[in-house]
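For reference, the chains in residue letters:
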Amino acid sequence: AGPFTLPPLTYPFNALEPHIDARTMEIHHDRHHQAFITNLNNLAKTNPQLGTAQITDVLGNINALNDDIKFAVRNNLGGHAHHTMFWEIMGPGGGGKPQGDLLAAIDKDLGGLEKFQNDFNAAGGRQFGSGWVFVTVAKDGKLAIETRPNQDNPIMDGKRALMGNDVWEHAYYLNYQNRRADYLKAWWNTVNWNKVAERYAAARTGTLGV
Ligand code: MN
């Protein structure tokens, strides 16, 4: 028990098949994400302010933390934030195309949907070792494709993660083994563009959570 809780998946483990298999989803959510929650609750026992502060405030001011907890918070709170976002932007019946303001921003900043998806896949493929590939939103609203190692969050550099794909091997290895490129390509079929559009609107009004 503690101030941090694992957000429940809002769809079944097998809802993203065949693109992400049920076993991978179960292990990823119930074990990997849960491990971040367990670690954060342990950290909060001796650092209770962690449990009450806004996640974005803590990660956005990571260097304000004492050295004895900085590394653990960076990894575990970053991991909690990223995975919360990840479950949210996927769902059954995903894929297709974004619309409206989001599509207009993709056209303007990322060269259109096809180029964006190809560039995003290439960036995810180039990330050496563990990490994430994101679309970030800068303070001026501009979108960019960026990678981060491990669980580093773009808010550490003053940007927000609009959407992202997990390229740690645990995200795909059971089904895709070393074929990360195939996973990156298939992942688009899981994306819930309505949720990404909601996040984009929230990012632009400064109300995006994690
Ligand atoms: Mn993961």
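Use the structure listed above.
Residues numbered from 1 in each chain as written. Predicted model: local features only at pLDDT ≥ 70, side-chain atom pairs only at ≥ 80, totals over all residues. Heavy atoms only, no water.

A. Molecular detail of the coordination of the manganese ion. Donor atoms from the polypeptide that bind the manganese ion are His 28 (NE2), His 83 (NE2), Asp 166 (OD) and His 170 (NE2), placed at 2.0 to 2.2 Å. We note that the donor set of the manganese ion lies within a single chain, spaced as H-x54-H-x82-D-x3-H. Of the two residues, His 28 sits in helix 1 (residues 22–46) while Asp 166 sits in strand 3 (residues 160–166), which places them 138 residues apart along the sequence. The burial state of His 28 is the same as that of Asp 166; both residues are buried. (Donors = N, O, S within 2.8 Å, 3.2 Å for Na, K, Ca; no water. Helix = DSSP H or I, 4+ residues; strand = E, 2+ residues; numbered from the N terminus. Buried < 20%, exposed > 50% of the residue type's maximum accessible area, 1.4 Å probe, protein only.)

B. Quick peek at the packing of aromatic side chains. Counted under the stated rule, the structure contains 13 aromatic pairs. Seen from their ring centres, Trp 188 and Trp 193 are 6.1 Å apart, and the 15 degrees between their planes marks the pair as stacked. Taken as a pair, Trp 188 and Trp 193 share a single burial class, namely buried. Linked through ring pairs, Phe 86, Trp 87, Phe 116, Phe 120, Trp 132, Phe 134, Trp 187, Trp 188 and Trp 193 together constitute an aromatic cluster. (Phe/Tyr/Trp six-rings, centres within 6.5 Å; stacked < 30°, edge-to-face > 60°.)

C. How the structure looks around the sheet that holds strand 1 (residues 131–137). In spatial order, the strands read 2-1-3; together these 3 strands make up an open sheet with antiparallel pairing. The open sheet terminates on both sides in strands that have one partner only, identified here as strand 2 (143–149) and strand 3. Strand-to-strand twist in this sheet, taken as the mean axis angle between neighbours without regard to direction, amounts to 30 degrees. In this sheet, strand 3 lies alongside strand 1 in antiparallel orientation, the contact comprising 6 bridges. Residue Val 137 lies in a different strand from strand 3, and its bridge partner there is Arg 160. Most of the contacts of helix 5 (residues 100–110) go to strand 2, to which it runs at about 80 degrees, and overall it touches strand 1, strand 2 and strand 3. (Pairing = 2+ DSSP bridges. Axes fitted to C-alpha atoms, helices over the stretch in contact; angles between N-to-C directions. Contact = heavy atoms within 4.5 Å.)

D. View of the side chain of Thr 24. Note that Thr 24 resides in helix 1. Those residues within four positions of Thr 24 in sequence are excluded, and the remaining contacts are His 170, Ala 171 and Leu 174.

E. Just the environment of His 82, in detail. For His 82, the position within the fold is in helix 4 (residues 67–88). Owing to a relative accessible area of 1%, His 82 belongs among the buried residues under this scheme. C-alpha separation for the pair His 82 and Pro 154, spaced 72 residues apart in sequence, amounts to 10 Å. In this structure, His 82 is in contact with Trp 132, Phe 134, Gln 151, Asp 152, Asn 153 and Pro 154, ignoring residues within four places of it in sequence. Looking at His 82, its side chain comes within polar contact range of the side chain of Gln 151, at 2.9 Å. (Polar contact = N/O pair within 3.5 Å; in protein donor to acceptor, adjacent residues only side chain to side chain.)

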